[in-house]
Every structure is written in structure tokens, then in C-alpha cells.
Amino acid sequence: MEITPELRRAVADAGQEHVLRFFDQLDESGQRRLLDQLSALDFKELETLIAEYVLRRPRIEIPPDLGPAPYFPLHPADSVQGVYYQRARARGEELLRAGAVSCLTVAGGQGTRLGFDGPKGTYPIGPVTDRSLFAYFAGGIRRAGEKYGAPITWYIMTSLLNRAATEEFFRQHDFFGLDPHRVFFFTQGTMPAIGYDGRLLLAAPDSLSLSPDGHGGTLLALRKSGALDRMFDEGVSILSYFQVDNPLVPVVDPLFIGLHDLERSEMSAIMLAKTGPFEKLGNFCVSEGRVQIIEYSDLPPELAEKRNPDGSLAFIAGSPAIHLLSRDFIAHLTAGGSLKLPWHRADKKIPYINDRGEKVTPAEPNGVKLESFIFDALPLAGRVMVLEGDRKSVFAPTKNATGVDSAESCRTMLVERNARWLEAAGVEVPRTADGQADVKIEIAPEAVLDSDDARAYAAGHAVTLPRGGEVVLD
């Protein structure tokens with residue numbers, strides 16, 4: 001195959017000729033693979049990114065007027081707000097019945113940190129049955145469609161690495177009872193890894209070292225995949241966004257949806273009250289009237305530890321990455337086929353091919369991967385709404401095998417959430433001396449979506465929970 005003069009010139013002008021050093025030794029498929037990757041790059045933009053994010057370390061500028069972002073509290077502050085919450089919940093239910101809401105799961109990751117070989121969404125998390133993360137979301141989406149009388153389309157963003165395996169998993173499980181037409185897979189974009197000298201790294205003689213471009217790339221990928229067009233066709237105006245590692249998240253929340261709509265928000269977020277000033281959650285802040293998230297590692301200690309007169313943290317609002325996005329907002333941000341969000345630098349140990357064609361596995365970080373984050377769209381929104389969530393009910397991330405934010409802690413939180421639902425429905429739950437549920441309870445999400453469903457389920461079934469036992473309610 002021949003390299004077009006335009007592409008060869010672009011590569012040379014960017015000082016990246018080394019990526020072609022093995023080109024003449026490649027077979028036709030290898031040449032095509034490398035040329036396709038290079039043709040997809042904007043070398044002018046890449047030069048700018050290398051200068052700004054690789055050859056120097058970006059400085060995080062904290063605005064002088066930075067303050068805590070306002071939010072709606074978990075419980076209404078007064079009777080007036082209570083009435084507004086009731087109105088919002090009713091509006092959210094109305095939108096769900098109208099089919100105006102779809103779900104979006106970011107599922108590009110692998111289960112490596114869990115010691116699991118496969119897409120993270122296929123990880124078995126059920127406390128009793130080992131049902132997968134995907135099965136939890138699928139069950140909730142299925143039940144929500146039944147409950148509100150309008151099927152919900154589920155958009156799942158995969159990576160190049162796990163797309164095929166993810167789709168095969170869904171086929172093996174008959175799409176968990178969902179209409180396959182209502183499950184839309186699409187692939188996030190990639191960015192090339194860059195050595196500290198500013199040169200693109202090769203993963204193989206015929207391939208750049210590519211990695212996912214971060215969950216910020218979700219928005220542009222929605223447009224490029226045709227998902228955004230489909231939302232228009234289906235009359236969907238709101239996307240419920242959540243990450244694949246959090247099976248406790250409500251796939252749709254009528255109160256959240258209703259407040260988003262009534263507040264005319266373009267992008268909304270759930271916040272959690274932080275457990276301490278340095279908890280590893282991004283901080284909801286406001287500057288010049290714009291809501292933004294400052295990462296926990298970037299918020300100065302004097303702000304992180306700042307207290308209100310009552311002793312509570314001033315910057316109390318942490319982000320669990322649960323959002324609502326208006327379709328029109330996504331369309332506006334991606335008009336013209338591009339999306340300008342800031343990039344974030346991650347120093348990594350990146351295997352690469354050296355000048356002799358040898359594979360090198362570095363022992364220390366040797367380059368940079370660039371990612372964009374979806375929360376950086378918040379300052380671009382005309383209106384933003386933030387609602388406090390109940391940590392015990394919405395956030396159980398599965399990031400590690402054991403310890404904090406682990407599969408172990410997630411299963412415990414799922415059991416405890418189920419126990420609270422059943423107790424509120426009048427079911428006796430055996431507990432240990434320290435108050436923990438003394439029975440493993442797994443509730444099928446396709447049977448019970450929320451606490452209201454749990455009450456209805458308990459009313460129609462004889463539920464017995466044996467001490468020290470295991471129970472599956474489906």
C-alpha cells in the first residue's frame with residue numbers, strides 16, 4: 001500500500017516519522033491498520049496537546065472565587081420544598097411513562113483490578129447467585145419499562161478491547177430478557193499514548209499504542225455512533241448516565257429526573273456527602289456562576305478542610321459519577337462532529353516497540369495517556385442541577401477485590417439495601433449484635449426496582465429470612 005503524500009507530510013511536520021519505520025516490512029493488512037490509525041489523527045491538534053500536556057506538566061489553577069456548589073438536599077428543607085419534590089417526582093414519572101428517558105452505561109473497562117479476565121460488566125457481583133453487573137442494570141431497566149409502561153433503550157459504551165466480548169455475553173444471556181433492539185452498543189474513541197519525549201509510542205510494528213479517550217469521549221461517541229439520532233427518532237430527551245461498576249445505582253430515579261426537567265437543567269448530577277475532607281471523590285464547586293468538579297487531588301487542603309459555622313465541611317459535595325444529560329445539550333456540544341473538553345494527564349508504564357522492533361515493558365512510568373472526563377461538560381451547561389443522594393442506596397463501586405470500594409463491600413451494601421427495603425415493608429430481618437443483616441438477601445432487579453416495589457412484593461409473597469441463611473427473591 002502507498003502512503004498518501006498528505007498523510008506523510010502531516011506525520012513529518014508533526015515530527016512523528018518514526019511511526020512509519022517498519023511500514024515497508026508489514027503485510028498489506030498491517031499497513032492498512034497503521035494507516036487507518038494515523039489517518040484518524042488530527043496531527044495539528046496532537047502537536048498542541050503534546051506541548052501542553054506532555055512536554056510540560058499542566059498546572060491546576062484554582063479560581064479565586066471558588067465556592068461550594070449549591071444542591072438540593074436529600075430530604076426537603078421545609079414544607080414548600082417538600083411540595084416541590086412531590087411535583088418533581090410526579091413529573092419524573094410522567095416523563096418515564098412518555099418514553100422520554102433512556103439509560104447510558106459507561107462499560108469500557110476490564111476486570112483486571114478485580115482479578116477477573118473479561119469486561120468489567122460481566123463480573124459476578126450478586127451476593128447469592130453471582131448475577132453479573134450487567135444483569136443488575138438490565139433487570140432494573142426491564143422492570144422500569146414494565147412499571148412505567150414504556151420500554152427503555154439502553155446505550156452501552158464499550159471499548160475496542162471489550163466490544164466483541166460484551167456483545168457475546170449479552171447474546172449468551174438472551175439480553176437478560178430485554179428486547180435486543182433496545183440495547184445499543186457503541187465504542188468509545190481512542191487516543192495515542194505519548195512518550196515523555198513527545199513521540200507517539202508503537203504497541204506493535206503495525207499499531208500505535210492506543211487507549212480509551214476517557215468517559216468524556218462518551219458524548220462525541222454518541223453522535224458518531226448514530227445513538228444521538230436514534231434518541232431524536234424515539235423522542236428521548238434525557239439520558240440517565242451511570243458507570244458499570246456501581247450496581248446499587250437506580251437506573252432511573254423519578255425525583256432526579258423531575259428536578260432535572262423542572263429546573264430546566266442541561267446536565268444534572270447526584271452528590272454524596274463526603275465522609276471526610278480528603279475522600280477520593282471529585283468536589284462539586286462553583287466559580288463565576290458555573291458548576292464544576294475539582295478533583296480531590298487538586299482541591300487545596302485549606303479549602304478541603306474548610307468548615308461551616310456548624311462544623312460541617314464547606315466543600316461537602318462529592319461526585320459518584322451519576323448524571324442526567326439532556327439530549328439537546330449533547331447535540332449542541334457535539335455539533336460539527338467535534339467536542340472540546342479539557343484533557344487530563346495520566347503518567348503510565350506503557351509497553352512499546354523500540355527502534356529495533358523489540359517489545360519493551362518499562363518498570364517505571366515512561367509516557368502519558370490523555371483522557372477527557374464527562375464532568376468537564378458541567379461548566380459548559382447553561383443550567384446545572386445537583387441533588388444529594390443517599391450513599392447507602394446509590395453508591396457501591398466495585399473497583400477492588402477486597403477492602404474499600406470492593407466487590408466484597410459492594411455485596412455487603414446490596415444485602416443491607418435489600419434488608420432495609422424489606423424491613424420498611426414489614427418483613428423481619430435477623431441481625432447480628434452489631435446491627436448487620438444476618439442473612440444474605442439477593443433481590444432480582446427485574447422483580448423489584450425500588451422500595452415501593454419491595455412493599456408490593458412483600459405484600460404478595462410470604463417472605464421468610466432464616467438467620468445465617470441465603471435468600472433470593474425473584
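Preceding block: the structure.
I will try to describe carefully the structure that is included in this document. (Residues numbered from 1 in each chain as written. Predicted model: local features only at pLDDT ≥ 70, side-chain atom pairs only at ≥ 80, totals over all residues. Heavy atoms only, no water.)

### Digging into the pattern of salt bridges
Here is step 1 of the chain: Tallied over the entire structure, the rule returns 32 salt bridges.
Here is step 2 of the chain: Measuring nitrogen to oxygen at the nearest pair gives 2.8 Å for the salt bridge that ties D347 to R345.
Here is step 3 of the chain: One continuous salt-bridge network, built from bridges that share partners, spans R142, R143, E146, K147, D450 and D453. (Salt bridge = Lys/Arg side-chain N within 4 Å of Asp/Glu carboxyl O.)

### Description of the sheet that holds strand 19 (residues 367–371)
Here is step 1 of the chain: Taken in spatial order, the three strands of this open sheet run 6-19-16, and their pairing is antiparallel. Of all the strands in the sheet, the pair left with one neighbour each is strand 6 (194–195) and strand 16 (344–348).
Here is step 2 of the chain: In this sheet, strand 19 lies alongside strand 16 in antiparallel orientation, the contact comprising five bridges. Bridge assignment links D347 to a residue of strand 19, and that residue is V368. (Pairing = 2+ DSSP bridges. Helix = DSSP H or I, 4+ residues; strand = E, 2+ residues; numbered from the N terminus.)

### Description of helix 3 (residues 43–54)
Here is step 1 of the chain: Here helix 3 has its buried residues at F43, L46, L49, I50, Y53 and V54. On an axial view of helix 3, the arc spanned by its buried residues comes to 105°, and they lie on one face.
Here is step 2 of the chain: Looking at the buried positions of helix 3, the neighbouring elements they touch are helix 1 (5–13), helix 2 (28–39), strand 5 (190–192), strand 6, strand 16 and strand 19.
Here is step 3 of the chain: Put simply, D42 is the residue that caps the front of helix 3, since its side-chain oxygen is 3.2 Å from the backbone nitrogen of K44. (Buried < 20%, exposed > 50% of the residue type's maximum accessible area, 1.4 Å probe, protein only. Arc of directions from axis to C-beta. Contact = heavy atoms within 4.5 Å. Polar contact = N/O pair within 3.5 Å; in protein donor to acceptor, adjacent residues only side chain to side chain.)

### With respect to the state of the cysteines
Here is step 1 of the chain: All told, the structure shown has zero disulfides when counted by the stated rule.
Here is step 2 of the chain: Lacking any disulfide linkage, C410 is separated from the closest cysteine sulfur, that of C103, by 18 Å. (Disulfide = S-S within 2.5 Å.)

### Topic: the packing of aromatic side chains
Here is step 1 of the chain: By the definition in use, this model includes 15 aromatic pairs.
Here is step 2 of the chain: Both rings, one in F170 and one in F185, keep their centres 5.2 Å apart while their planes meet at 80°; by these two values the pair is edge-to-face. One end of the pair, F170, is in helix 6 (residues 163–172); the other, F185, is in strand 4 (residues 183–187), and 15 residues separate them in sequence. Considered together, F170 and F185 belong to a single accessibility category, that of buried residues.
Here is step 3 of the chain: On the basis of an interplanar angle of 50° and a centroid distance of 6.4 Å, the ring pair of F184 and F186 is categorised as tilted.
Here is step 4 of the chain: Classification of F186 by relative accessible area gives buried; the value is 1%.
Here is step 5 of the chain: Aromatic rings pair up to connect F134, W154, F169, F170, F175, F176 and F185 into one cluster. (Phe/Tyr/Trp six-rings, centres within 6.5 Å; stacked < 30°, edge-to-face > 60°.)

### So, the packing of helix 7 (residues 218–225) against helix 8 (residues 227–234)
Here is step 1 of the chain: Relative to each other, helix 7 and helix 8 sit at 70°, their axes nearing to 4 Å. One element, helix 7, and the other, helix 8, form an angle in the roughly perpendicular class. Each of L222, R223 and S225 in helix 7 lies in contact with helix 8, whose residues at this interface are A227, L228 and M231.
Here is step 2 of the chain: Class assignment of the residues belonging to the contact of helix 7 with helix 8 gives a composition of four nonpolar, one polar and one charged. (Axes fitted to C-alpha atoms, helices over the stretch in contact; angles between N-to-C directions. Parallel < 35°, antiparallel > 145°, perpendicular 65-115°, else oblique. Nonpolar A, V, L, I, M, F, W, Y, C, P; charged D, E, K, R; others polar.)

### Considerations on unusual backbone geometry
Here is step 1 of the chain: Not every positive phi belongs to a glycine, and D130 is a case in point at roughly 65°.
Here is step 2 of the chain: Turning to its location among the elements, D130 is positioned in the loop between strand 2 (101–106) and helix 5 (133–148).
Here is step 3 of the chain: The phi dihedral of A321 falls on the positive side, at around 65°, and the residue is not glycine.
Here is step 4 of the chain: Topologically, A321 is positioned in the loop between strand 14 (317–319) and strand 15 (323–326).

### Thoughts on the pairing of strand 21 (residues 440–443)
Here is step 1 of the chain: Here strand 21 pairs with strand 22 (residues 470–473) via four bridges, running parallel. Bridge pairing in strand 22 links E442 to V472.
Here is step 2 of the chain: Since strand 21 and strand 22 lie parallel, the crossover through helix 14 (residues 451–460) that links them has a hand, and here it is left-handed. (Right-handed = clockwise from strand over helix to strand, strands pointing away.)

### Some points on the packing of helix 4 (residues 79–97) against helix 9 (residues 254–262)
Here is step 1 of the chain: Where helix 4 contacts helix 9, the two axes come as close as 6 Å, and the packing angle between them is 100°. One element, helix 4, and the other, helix 9, form an angle in the roughly perpendicular class. Here helix 4 contributes Y84, Y85, R87, A88, R89, R91, G92, E93, L95 and L96 to the contact with helix 9, which in turn contributes P254, L255, I257, G258, L259, D261 and L262.
Here is step 2 of the chain: Across the contact of helix 4 with helix 9, the residue classes tally to ten nonpolar, two polar and five charged.

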